[in-house]
Amino acid sequence: MTSTQLDLKRTIWQALLVTEKEGDNPWFARIWIITLFLGGMLVWGIFFNWGNIPFDFHDWAEVTGPRMGVINSAINSGVFPLHASSASILKGYSDRLLIIPDVILTPQEFLLLIMPVGSFVLVDIWLLYGLGFWGLLRLRKKFKLGLIPFTLIFLLFNFNGHIVAHLSVGHFSWGSYFLLPWFFYLVFRFLDGESNWKWIAEMAGWMFLIVLQGGYHQFIWALMFLGLLGIIRWRKILTMPVVALASGLLSAVRLLPPVLAVADFKNAMSFIGGYPSLVDIISSFLMKQIPAIAILPYQNFSSPLGYWEFDVYIGFAGAAIFILGGMAFLWQEAHQRRYIALVFPMAVLTVLSIGKVYSFLSNLPIPLLSGERVTSRMFSMVVLCAMILATISIQKWLDKSRSKGITITAAVVGVCVTVKLGFDLIQHAIGWKVTAAANAFSVTPFIVSNTMVGNHSDPLYTAMIWIGLCISLAAGAGLHFLVRREKRKTN
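I will try to describe carefully the structure that is included in this document.

## A short note on empty space enclosed by the protein
Applying the stated criterion to the full structure yields one cavity of 30 Å³ or more. Considering only enclosed or pocket space, the largest cavity measures out at about 30 Å³ in volume. Phe329, Gln332, Glu333, Tyr339, Leu389, Ile392, Ser393 and Lys396 together form the lining of the largest cavity. Of all the secondary-structure elements, those providing two or more residues to the lining of the largest cavity are helix H16 (315–335) and helix H20 (379–400). In terms of residues, the lining of the largest cavity owes the most to one element, H20, which gives four residues.

What follows is the structure in structure tokens.
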């Protein structure tokens, strides 16, 4: 082997961890990233059976199927999806579709004109997955993540147990999860000193997209995260109420109609709780379950919930990354307090996701807070923040090493850990694919094409939608004005 070939091999190994070395062989990084993206699309394609989704079990039959059936009927009939043909389609609450805050209402739903609902579900997830991948690339650029650290966060984010299990059982609105990298990208910008109107407008815009995508729960968790972060960064604490107000006003078109049903939802849905204990949280990182076992709740935890509400599987390789990255983070923050403020919201959300701790907030007369019944779900915000901090901290540790030998050795170890992590997570994801879940759950007879739109005269409901739309448009115009004025003053 010639010296040139040896130098090329060393450079490629170093490029796996050190972004500065990627410039020597830019094609290598591009091929790596494109391969990751296409590989992720392949996994989700297999997971959703290439759009041939069985809509006859669990929430595919009880929630997603009926809602998407009404929207599909409306779009193909050329009308706006206001009412279902029967309240029974929406679990008997009402025939008003948009009073349900996590109903998806996005521009891409016009794709239903050219494809069936099952295919749309896959395409929509692919689109959101692409936006999430773009968000991860922004984090990679901001923190100069090497290819191995970036691959670790790519795998952990896209295929951890939380998102896999929720999508498997029919929580289609969980597609909004893929937009969360953008939230944390904005959070890191805030911690780096940015809190101007441009930042506020971008955060409010992100919140609006989340709400349109049906991410009502993620919207609430994000607001809680920002509020808790504002307590620690008290010098900028006024920024957070402004963000919350801007987000609420911009999203009014979707948040105002559900006000009509607040009392009905409160009476119909009781508070359930979260993880039985902190030990159960730890075990949920390592416990690999399959749908057939996950539907037996008492076999797993002392809770009436199925295991999909607890699953945050990352495997032993993922746990090792969290532990090593966490140790590196704490050591680095002891010397440079840059992101230590994130520990507080992470800790509080963890506590609130255990048992009945959150119940005191649920009982407050605040609709946005009382809508959380299953609090184990909000732990996903903690998991995502932890995986980002872990990979950033590992990258910082690697950057401090100037020895080629150490870098190459770390690259070899990193490749082995990445392969193990990828194998575990993808195996777990395939185990939860929709066809596997359908075989494990009992059949709930349902045919999507049988659900129809049933719009009718409803002045109060229609007025709330129009008022919400006007508020959203005014808020958007106001934020645009403030950003432009700020830019003029800066220039």
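## Description of a nonpolar patch on the surface
On the surface, Ile231, Ile232, Trp234, Ile237, Leu238 and Phe344 cluster together into a nonpolar patch covering about 590 Å² of accessible area. Using a relative accessible area of 68% as the deciding quantity, one classes Leu238 as exposed.

## Points about the side chain of Thr106
By secondary structure assignment, the location of Thr106 is in the loop between helix H3 (58–77) and helix H4 (117–143). By relative accessible area, which is 9% here, Thr106 ends up buried. In contact with Thr106, not counting residues within four places along its chain, are Leu212 and Gln213.

## Here's the deal with the nonpolar core
Core analysis: the largest hydrophobic core is formed by 155 residues, its most contacted members being Trp44, Phe48, Phe183, Phe188, Trp206, Phe225 and Leu342. It is H20 that contributes the most residues to this core, 13 residues altogether. Discounting residues that sit within four places of it in the chain, Phe225 has contacts with Phe183, Phe184, Val187, Leu342, Pro345, Met346, Leu349, Met381 and Cys385.

## Looking at helix H5 (residues 147–159)
Over its 13 residues, H5 runs 18 Å from end to end, which matches the ideal 18 Å to within 8%, given 1.5 Å per residue. Of all 13 residues that make up H5, 13 are buried, and the element is covered over most of its length.

## As for a positive patch on the surface
A contiguous patch of positive charge on the surface is contributed by Arg484, Arg485, Lys487, Arg488 and Lys489. Its location among the elements puts Arg485 in helix H23 (residues 459–490).

## As for the packing of aromatic side chains
Per the stated rule, a full pass over the model turns up 40 aromatic pairs. Ring centres 6.3 Å apart and planes at 15° place the aromatic pair Phe271 and Tyr358 in the stacked group. Residue Phe271 is located in the loop between helix H12 (262–268) and helix H13 (278–286), and its partner Tyr358 is located in the loop between helix H17 (343–352) and helix H18 (359–362); the two are separated by 87 residues in the primary sequence. Over the ring of Phe143 we find Lys142; its NZ or CZ atom is 5.5 Å from the centre of that ring.

## Some points on the packing of helix H8 (residues 197–212) against helix H9 (residues 216–232)
Where H8 contacts H9, the axes come no closer than 9 Å and their chain directions differ by 155°. Taken as axis vectors, H8 and H9 run roughly antiparallel relative to one another. Of the residues in H9, those touching H8 at Met203, Trp206, Met207, Ile210 and Val211 are Gln218, Phe219, Ala222, Leu223 and Leu226. A class-by-class count of the residues in the contact of H8 with H9 yields nine nonpolar, one polar and no charged.

## Digging into H20
With 22 residues, H20 ought to run about 32 Å at 1.5 Å a step, and its terminal C-alpha atoms sit 32 Å apart, in line with that. Of all the 22 residues making up H20, 18 are buried; the element is thus mostly covered by neighbouring parts of the structure.

## Description of the packing of H16 against H20
At their nearest, the axes of H16 and H20 sit 7 Å apart, and the two run at 70° to each other. One element, H16, and the other, H20, form an angle in the roughly perpendicular class. The chirality of how H16 crosses H20 is left-handed. Contacts between H16 and H20 pair Ile321, Phe322, Gly325, Ala328, Phe329 and Gln332 from the former with Val383, Ala386, Met387, Leu389, Ala390, Ser393, Ile394, Lys396 and Trp397 from the latter.

Reading the values: rules and limits
Residues numbered from 1 in each chain as written. Predicted model: local features only at pLDDT ≥ 70, side-chain atom pairs only at ≥ 80, totals over all residues. Heavy atoms only, no water. 1 Å grid on protein atoms, 1.4 Å probe; cavity = no way out; pocket = protein on both sides within 12 Å on 5 of 7 lines; lining within 4 Å. Points joined across faces, edges and corners; volume = space filled by probe spheres on them. Helix = DSSP H or I, 4+ residues; strand = E, 2+ residues; numbered from the N terminus. Patch = residues over 30% accessible without salt bridge, like charges linked within 9 Å, V, L, I, M, F, W, Y side chains within 5 Å. Areas by Shrake-Rupley, 256 points an atom, 1.4 Å probe, with all protein chains shown as cover. Salt bridge = Lys/Arg side-chain N within 4 Å of Asp/Glu carboxyl O. Buried < 20%, exposed > 50% of the residue type's maximum accessible area, 1.4 Å probe, protein only. Contact = heavy atoms within 4.5 Å. Core = buried A, V, L, I, M, F, W, Y, C linked by side-chain atoms within 4.5 Å. Expected span 1.5 Å × (residues − 1). Lys, Arg positive; Asp, Glu negative; His and termini not counted. Charge placed at Lys NZ, Arg CZ, Asp CG, Glu CD. Phe/Tyr/Trp six-rings, centres within 6.5 Å; stacked < 30°, edge-to-face > 60°. Lys NZ or Arg CZ within 6 Å of the ring centre and 35° of its normal. Axes fitted to C-alpha atoms, helices over the stretch in contact; angles between N-to-C directions. Parallel < 35°, antiparallel > 145°, perpendicular 65-115°, else oblique. Nonpolar A, V, L, I, M, F, W, Y, C, P; charged D, E, K, R; others polar. Left-handed = near helix turned anticlockwise from the far one by under 90°.

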